[in-house]
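Architecture and fold: a report
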Amino acid sequence: MNESTPLQPGILLVLSAPSGTGKTTLARRLLAELPDAIFSISVTTRQPRGREQDGVDYHFVDVASFQERINRGEFVEWAEVHGHFYGSSQAVVDEARAKRGVAIFDIDVQGGYAIKRKHPDTVLAFVLPPSLEELGRRLRERGTDAEETIRRRMLAARSEIERGIATYDYILVNDDIERAYQDLHSVVIAERCRRGRVDLSNLHLEKPGTPDSGR
Ligand code: ADP
Ligand code: 5GP
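The notes below deal with the structure included here. Model, not experiment: these values are computed from the prediction.

Structural notes on the site of ligand 1
Around ligand 1 sit 14 residues in total, of which Gly 20, Thr 24, Thr 25, Arg 142 and Asn 174 are the nearest. One of the backbone nitrogen or oxygen atoms of Gly 22 is found 3.0 Å away from an oxygen atom of ligand 1. Between ligand 1 and Lys 23, the relevant distance is 2.9 Å, taken from an oxygen atom to a main-chain nitrogen or oxygen of the residue. In the complex, the protein chains occlude 75% of the 570 Å² of accessible area that ligand 1 would expose alone. Elements represented by at least two residues in the shell around ligand 1 include exactly α1 (23-33) and α5 (132-142). Looking at the shell around ligand 1, its residues break down into two nonpolar, seven polar and five charged.

Describing the sheet that holds strand β3 (residues 43-44)
The mixed open sheet is built from four strands, whose spatial order is β4-β3-β6-β5. Each end of this open sheet is capped by a strand with a single partner; those strands are β4 (59-60) and β5 (75-81). Judged from the two bridges that link them, β3 and β4 form a sheet pairing that is parallel. Its bridge partner lying in β4, Thr 44 is registered against Phe 60.

Quick look at the site of ligand 2
The immediate surroundings of ligand 2 are formed by 13 residues, with Ser 42, Arg 46, Tyr 58, Glu 77 and Tyr 86 found nearest. Taking Tyr 58, its side chain carries an N or O atom lying 2.5 Å from an oxygen atom of ligand 2. Separating an oxygen atom of ligand 2 from a backbone N or O atom of Gly 87 is a distance of 3.3 Å. Look at ligand 2: alone it shows 510 Å² of surface, and the protein chains cover 83% of it. Among the residues forming the shell around ligand 2, the class breakdown is five nonpolar, four polar and four charged.

Observations concerning the pairing of β5
Sheet topology note: the β5/strand β6 (residues 84-89) ladder contains six bridges and is antiparallel. Bridging across to β6, Phe 75 finds its partner in Ser 89. Where β5 folds back onto β6 in an antiparallel hairpin, the turn is made up of two residues, including His 82, whose phi is positive at roughly 50 degrees.

What counts as what
Residues numbered from 1 in each chain as written. Chains lettered and ligands numbered in written order. Predicted model: local features only at pLDDT ≥ 70, side-chain atom pairs only at ≥ 80, totals over all residues. Heavy atoms only, no water. Near = heavy atom within 4 Å. Polar contact = N/O pair within 3.5 Å; in protein donor to acceptor, adjacent residues only side chain to side chain. Areas by Shrake-Rupley, 256 points an atom, 1.4 Å probe, with all protein chains shown as cover. Helix = DSSP H or I, 4+ residues; strand = E, 2+ residues; numbered from the N terminus. Nonpolar A, V, L, I, M, F, W, Y, C, P; charged D, E, K, R; others polar. Pairing = 2+ DSSP bridges.

The structure is reproduced here in structure tokens:
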């Protein structure tokens, strides 16, 4: 973020990581522990997979409905990935701003850049596996992907990591989940204290001559 960029209330927190790193585990914990956190459930035109539920994992819609949402300006960003559309709702940004809360976006690096272009005070956090070997182990242990898919995800991981570590604001290594969560929580605490984000309205600094200040 540029030093002169004015901050707005609330925090837009993008969490990106190669699949299998533990980003969903971290995002869910943050959501459970921060009373003012809002999780951005993306809208997609792809079909639900496995146990995915509408309104929990994604909002599943058809292409016509997605197009209408684009036309109505409902997305803060959207993209086509592997032939399907994915978008993040502007309403989540508005809610975080209004409540001075934390909006969590669990999206890829491209999506993170797109939100940051529109909202330069967006906080980009990249989660790293301790090693590529451990990432492979976690993907196999999770048991949701075929071996071929795991191989593809491992190839994609390398280039995503290169982009993430070069451009994101924070890098969190998820070796131990407890420590990684404490790191993520600390990022949120520090970001809340940034000049411009703290609510100073009770100081009434705009009104000179309050009783104690008369000299
Ligand atoms: P992502 O959302 O990044 O794809 P998940 O949160 O689904 O990743 O985590 C992938 C797998 O790795 C899960 O089985 C999860 O329980 C496990 N996992 C997450 N963090 C750790 C960690 N620090 N150590 C060991 N296993 C972990
Ligand atoms: P999947 O279909 O496997 O859930 O996701 C495919 C890709 O789309 C992933 O890289 C995921 O990060 C990305 N994605 C999910 N939601 C969004 C979104 O709202 N916006 C963008 N730009 N990408 C998304």
